[in-house]
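Chain and residue survey
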Amino acid sequence: MKANSEITRLGATELQHRLHRGDLLAADVAAAHLEAIAERDGDVLAWTFLDPDHVMRQARTLDELRAGGKPVGPLHGIPVGLKDIIDTGDMPTCNGTPLDAGRRPRDDAFVAALLREAGAIVMGKTATTELAVMNPCATRNPHDLGRTPGGSSSGSAAAVASFMIPLALGTQTNGSVIRPASFCGVVGYKPSRGMVSRRGVLTQSPTLDSVGVFARSVDDAALIADVLAVYDGGDKAMRLQAKPRLLDAATSAPPRTPALAFVRTPVWDRAEPAAQAAFARLGELLGAVVEEVELPRDFDDAHRLHRTIMLADIARNFGRYEVKGRDRLSAVLSGMIDEGRTVPAIDYILAQDRVEVLNDALDSIFDRYDAILTPATTGEAPLGLTATGDPAFCTIWTYCGVPAVTLPLLRGENGMPVGVQLVGRRGDDARLLRTANWLMRHLTQSGTAPAR
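Here's what I pulled together on the structure shown here. (Residues numbered from 1 in each chain as written. Predicted model: local features only at pLDDT ≥ 70, side-chain atom pairs only at ≥ 80, totals over all residues. Heavy atoms only, no water.)

1. Overview of the packing of aromatic side chains
Taken as a whole and assessed by the stated rule, the structure comprises three aromatic pairs. Summarising the aromatic geometry, the rings of Phe262 and Trp268 are spaced 5.7 Å apart at their centres and angled 85° between planes, so their arrangement reads as edge-to-face. Between Phe262 and Phe279 the ring centres are 6.2 Å apart and the planes differ by 20°, which places this aromatic pair in the stacked class. Of this pair, Phe262 sits in strand E7 (residues 260-262) while Phe279 is found in helix H10 (residues 273-286), placing the two residues 17 residues apart along the sequence. Taken together, the ring pairs in this structure connect Phe262, Trp268 and Phe279 into an aromatic cluster. The ring of Phe163 has Arg9 lying over it, and the distance from NZ or CZ to the ring centre is 3.7 Å. (Phe/Tyr/Trp six-rings, centres within 6.5 Å; stacked < 30°, edge-to-face > 60°. Helix = DSSP H or I, 4+ residues; strand = E, 2+ residues; numbered from the N terminus. Lys NZ or Arg CZ within 6 Å of the ring centre and 35° of its normal.)

In structure tokens, the structure reads:
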């Protein structure tokens, strides 16, 4: 068997190649990652459920299928972690709250079933903030245990960043994929709303929720996203359309050098001075590839509109937890439920209507540029574990339902990762991932991307 440390350093696409060639067994891969978890998770605390025996049973079954000449899927033998708000029929799903402690779903979420069909090893459940909102879980940033990993998909980002697993799923209702990916120095990809089913995933806001992925490369993110991008009539946000072939697009060369629109957004003043300086330097390095573009004034109200929808939906969907045990909810979440109940119906409806208005405005930008370049976060992961950081640089894009990806290209003044966010036209995820891969390779080959 290969040295365990060598196996865990491999990305998902390289693992795929070696497993399909027979250079590795699924049992080798599973054992290596279990060893990494045993070594590192005592500090990072990324996992809420892990059964090593169950992991190894999955792996041995996959090896038996391959040895018997049976078909194998695109994720055959590759370990994946699931945020603990994604239902699994063979593991508890506790939603980050003691009110759901020991909860055992009867069925897999749609995305969990797709992963199993593709041959993935579902390693276990990764830690989430309380009901995927704001109150932190115990997870720590693997680059500095005194800093937050971000939230709400805290455990998924930290587990991938610390080489416990190559891939993980999370969700985003505001900044819960992009922000922790930026803080932990990995690739985070939030698909266009309606590309990946949310059936069997804790509902916070039907308008805003998206399932996203964590990986250590754009190729790896595209590999797992390809598996997940399957139409599900059980999710009303999904539209019946051809599969997007994300991996093929991500690994292809652009027909021309991409054009990027640098957008500060209305919350630029929240970015740390070091982050603002890093983006200025990035602009200089990219030269004519990037031009600064100002968002129309319509976007000045996007954060308020997003909050209107999110709070009203939290009140609607999490009110049952308040009835079940308000004293066991955080004061932050209880306050959000209370505030959501005061949102006027007309404000909620108008906030829903404005989504299309802002997407029309974005289309005029995407007619000229391949992607928007903007910060993923205000800067480095903050010190302390009592908060998960400011999601302000994600809010507009989540509200509009457009695809976004963060790339670990920058470092802050303390050497912590700072993500560069690329945003694409709604439904044009393939083009966005191709542009993201081009940017990673362009800066890496030119020697300007930091070592990771």
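2. Points about a nonpolar patch on the surface
A cluster of nonpolar side chains, contributed by Ile346, Ile349 and Leu350, occupies part of the molecular surface with about 280 Å² of accessible area. Position of Leu350 relative to the elements: it lies in helix H13 (residues 345-366). Residue classification places Leu350 among the partly exposed residues on the basis of a relative accessible area of 44%. (Patch = residues over 30% accessible without salt bridge, like charges linked within 9 Å, V, L, I, M, F, W, Y side chains within 5 Å. Areas by Shrake-Rupley, 256 points an atom, 1.4 Å probe, with all protein chains shown as cover. Salt bridge = Lys/Arg side-chain N within 4 Å of Asp/Glu carboxyl O. Buried < 20%, exposed > 50% of the residue type's maximum accessible area, 1.4 Å probe, protein only.)

3. Concerning empty space enclosed by the protein
Throughout the structure, instances matching the rule amount to two cavities of 30 Å³ or more. Here the largest cavity is characterised by a volume of approximately 50 Å³. Lining the largest cavity we find Thr129, Pro136, Cys137, Thr139, Thr148, Pro149, Gly150, Ser154, Gly384, Leu385, Ala387 and Thr388. Looking at the lining of the largest cavity, its residues break down into five nonpolar, seven polar and no charged. Roughly 30 Å³ of volume is contained in the second largest cavity. Looking at the second largest cavity, the residues that line it are Glu272, Ala274, Ala275, Gly379, Glu380, Gly412, Glu413 and Val418. Residues belonging to the lining of the second largest cavity are distributed by class as follows: three nonpolar, two polar and three charged. (1 Å grid on protein atoms, 1.4 Å probe; cavity = no way out; pocket = protein on both sides within 12 Å on 5 of 7 lines; lining within 4 Å. Points joined across faces, edges and corners; volume = space filled by probe spheres on them. Nonpolar A, V, L, I, M, F, W, Y, C, P; charged D, E, K, R; others polar.)

4. A few points about the pairing of strand E4 (residues 167-172)
Within E4, six of the six residues are buried, which leaves it mostly tucked inside the rest of the structure. Here E4 shows no split at all, with Leu167, Leu169 and Thr171 on one side and Ala168, Gly170 and Gln172 on the other all buried. Note that strand E2 (residues 79-83) and E4 share three bridges and pair parallel. Counted as the bridge partner of Gly81 is Ala168 from E4. Here five bridges tie E4 to strand E6 (residues 210-215), and the two strands are oriented antiparallel to one another. Following the sheet pairing, Gly170 is matched in E6 by Gly212. (Pairing = 2+ DSSP bridges.)

5. Some details on unusual backbone geometry
In the segment running from Gly151 into Ser152, the intervening peptide bond is cis, with an omega of 5°. Secondary-structure assignment places Ser152 in the loop between strand E3 (121-126) and helix H6 (154-161). The backbone phi angle of Arg245 is positive, close to 55°, even though this residue is not glycine. By secondary structure assignment, the location of Arg245 is in the loop between helix H8 (218-228) and helix H9 (246-250).

6. Observations concerning the nonpolar core
Looking at soluble globular proteins, one finds that nonpolar side chains tend to be buried together. In terms of nonpolar packing, the biggest core is built from 121 residues, with Leu75, Leu169, Leu362, Leu373, Leu407, Leu422 and Leu439 touching the most fellow members. In this structure Leu362 touches Leu295, Phe299, Ile372, Trp397, Cys400 and Val402, once residues within four positions along its chain are discounted. (Core = buried A, V, L, I, M, F, W, Y, C linked by side-chain atoms within 4.5 Å. Contact = heavy atoms within 4.5 Å.)

7. Here we look at the state of the cysteines
Summed over all chains, the structure comprises zero disulfides. Here Cys184 stays free of any disulfide, with the sulfur of Cys137 as its closest cysteine sulfur at 10 Å. The class for Cys184 is buried, based on a relative accessible area of 1%. With no disulfide of its own, Cys394 lies 13 Å from the sulfur of Cys400, the closest cysteine sulfur. (Disulfide = S-S within 2.5 Å.)

8. Points about helix H3 (residues 26-44)
Residues that lie three or four places apart on an α-helix share one face, since the helix turns once every 3.6 residues. With 19 residues, H3 ought to run about 27 Å at 1.5 Å a step, and its terminal C-alpha atoms sit 25 Å apart, in line with that. The sharpest bend along H3 reaches about 35° and sits at Ala38. Ala26, Ala27, Asp28, Val29, Ala30, Ala32, His33, Leu34, Ala36, Ile37, Asp41 and Val44 are the residues of H3 that are buried. Of the residues flanking the end of H3, it is Leu45, one or two places downstream, whose phi is positive at about 60°. (Expected span 1.5 Å × (residues − 1). Bend = angle between axes of the 7 residues up to and from the residue.)

9. Quick notes on the pairing of strand E9 (residues 371-375)
Burial analysis of E9 places five of its five residues in the buried class, which makes it a mostly covered element. Pairing of E7 with E9 involves three bridges; the strand directions are parallel. For Phe262, the partnering residue across the bridge sits in E9 and is Leu373. Of the pairings in the sheet, the one linking E9 to strand E11 (residues 417-423) comprises four bridges and is antiparallel in character. Each residue of the ladder has a partner; that of Leu373, found in E11, is Leu422.

10. Side note on the side chain of Ser192
In this fold, Ser192 is placed in the loop between strand E5 (187-190) and E6. Given a relative accessible area of 3%, Ser192 falls into the buried group. Other than its neighbours up to four places away in sequence, Ser192 contacts Gly401, Val402, Pro403, Arg425, Arg426, Gly427, Asp428 and Asp429.

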